[in-house]
Amino acid sequence: KNEVEQSPQNLTAQEGEFITINCSYSVGISALHWLQQHPGGGIVSLFMLSSGKKKHGRLIATINIQEKHSSLHITASHPRDSAVYICAVVGGGADGLTFGKGTHLIIQP
Amino acid sequence: DAGVIQSPRHEVTEMGQEVTLRCKPISGHNSLFWYRQTMMRGLELLIYFNNNVPIDDSGMPEDRFSAKMPNASFSTLKIQPSEPRDSAVYFCASSLAGFTYEQYFGPGTRLTVT
């Protein structure tokens, strides 16, 4: 079974700061998802990665397959970025998605 | 497209009652997923379908849980009989084809079993 670890578990930062959230997994995978869950509970898919780097607006996601590690970066953070960010991996000895426990991000104005 | 639609949004029921959750995936998506989220366990995959066929139901916790997808535009998750430990938020999601495509989540059904 793939072990998915996210760090930090909780992060509070000031508006404008550069944010990095990390995700490590124990077994090789075929893809990795970053999800965002807002305080209201809705879940939105941010990225699906199998290699390299993707960028969407102020969000950047990278993955290093050899090191079994992915990062989610937020540039020029804003209070509306406050949410739980969840990493989920595909494959690696298990069918379906294996989820991390999430990183609870608060951006203060 | 309206996105993934789930109903009801909230359900409160008594222990022992049957609960049916419903999901309409995005048109054209071939894969549908049922997830459960609790404070203790986080998000868990319960079951997923490809082209209306259940592929892996190993995440279904017990025989009390069953899921069907009679056609490409409708799926149900049924709990019979319900127990208080089934209280959770149940999400349905769909994708074009499997786990290596972006998943689109419904708003979730918050189930409370008393």
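As shown above, the structure is provided for reference.
Residues numbered from 1 in each chain as written. Chains lettered and ligands numbered in written order. Predicted model: local features only at pLDDT ≥ 70, side-chain atom pairs only at ≥ 80, totals over all residues. Heavy atoms only, no water.

**Q** Please clarify how the nonpolar core should be interpreted in this entry.
**A** One recurring pattern in soluble globular proteins: nonpolar side chains tend to sit buried together. Counting 23 residues, the largest nonpolar core has Leu32, Trp34, Leu72 and Tyr85 of chain A as its most contacted members. Counting residues per element, the ones that place at least two in this core are strand 3 (19-25), strand 4 (31-37), strand 5 (43-49), strand 7 (59-64), strand 8 (69-74), strand 9 (83-90) and strand 11 (103-108) of chain A. Excluding anything up to four places from it in sequence, Leu32 of chain A contacts Cys23, Tyr25, Phe47, Met48, Leu49, Ile63, Ser70, Cys87, Ala88 and Val89 of chain A. Residues Val19, Leu32, Phe49 and Met60 of chain B belong to the second largest nonpolar core, which totals 21 residues. (Core = buried A, V, L, I, M, F, W, Y, C linked by side-chain atoms within 4.5 Å. Buried < 20%, exposed > 50% of the residue type's maximum accessible area, 1.4 Å probe, protein only. Helix = DSSP H or I, 4+ residues; strand = E, 2+ residues; numbered from the N terminus. Contact = heavy atoms within 4.5 Å.)

**Q** Sorry if this is basic, but what is going on with the environment of Val84 of chain A here?
**A** Residues and elements named next belong to chain A. Examined against the element boundaries, Val84 turns out to sit in strand 9. Residue Val84 is classed as partly exposed on the basis of its relative accessible area, which comes to 24%. Residues Val84 and Gly100, spaced 16 residues apart in sequence, show a C-alpha to C-alpha distance of 11 Å. Residue contacts for Val84: discarding those within four places in its chain leaves Leu35, Gln36, Gln37, Gly102, Thr103 and His104.

**Q** Would you take a moment to explain the interface of chain B and chain A for this structure?
**A** Listed as interface residues are 13 residues of chain B and, on the opposing side, 15 residues of chain A. It is Leu43, Phe99 and Phe105 of chain B that lose the most area in chain B upon contact with chain A, and together they represent 38% of the buried surface on that side. For the pair chain B and chain A, the interface holds 0 salt bridges. Applying the counting criterion to the chain B and chain A interface returns 2 residue pairs in polar contact (both at pLDDT 80 or more). Looking at the side of chain B that touches chain A, the elements that each hand over two or more residues are strand 4 (31-38) and strand 5 (42-50) of chain B. Here the side of chain B that touches chain A takes 3 residues from strand 5 of chain B, the largest share from any one element. Tallied by class, residues from the side of chain B that touches chain A come to 7 nonpolar, 3 polar and 3 charged. (Buried area = accessible area lost by both parts, 1.4 Å probe. Salt bridge = Lys/Arg side-chain N within 4 Å of Asp/Glu carboxyl O. Polar contact = N/O pair within 3.5 Å; in protein donor to acceptor, adjacent residues only side chain to side chain. Nonpolar A, V, L, I, M, F, W, Y, C, P; charged D, E, K, R; others polar.)

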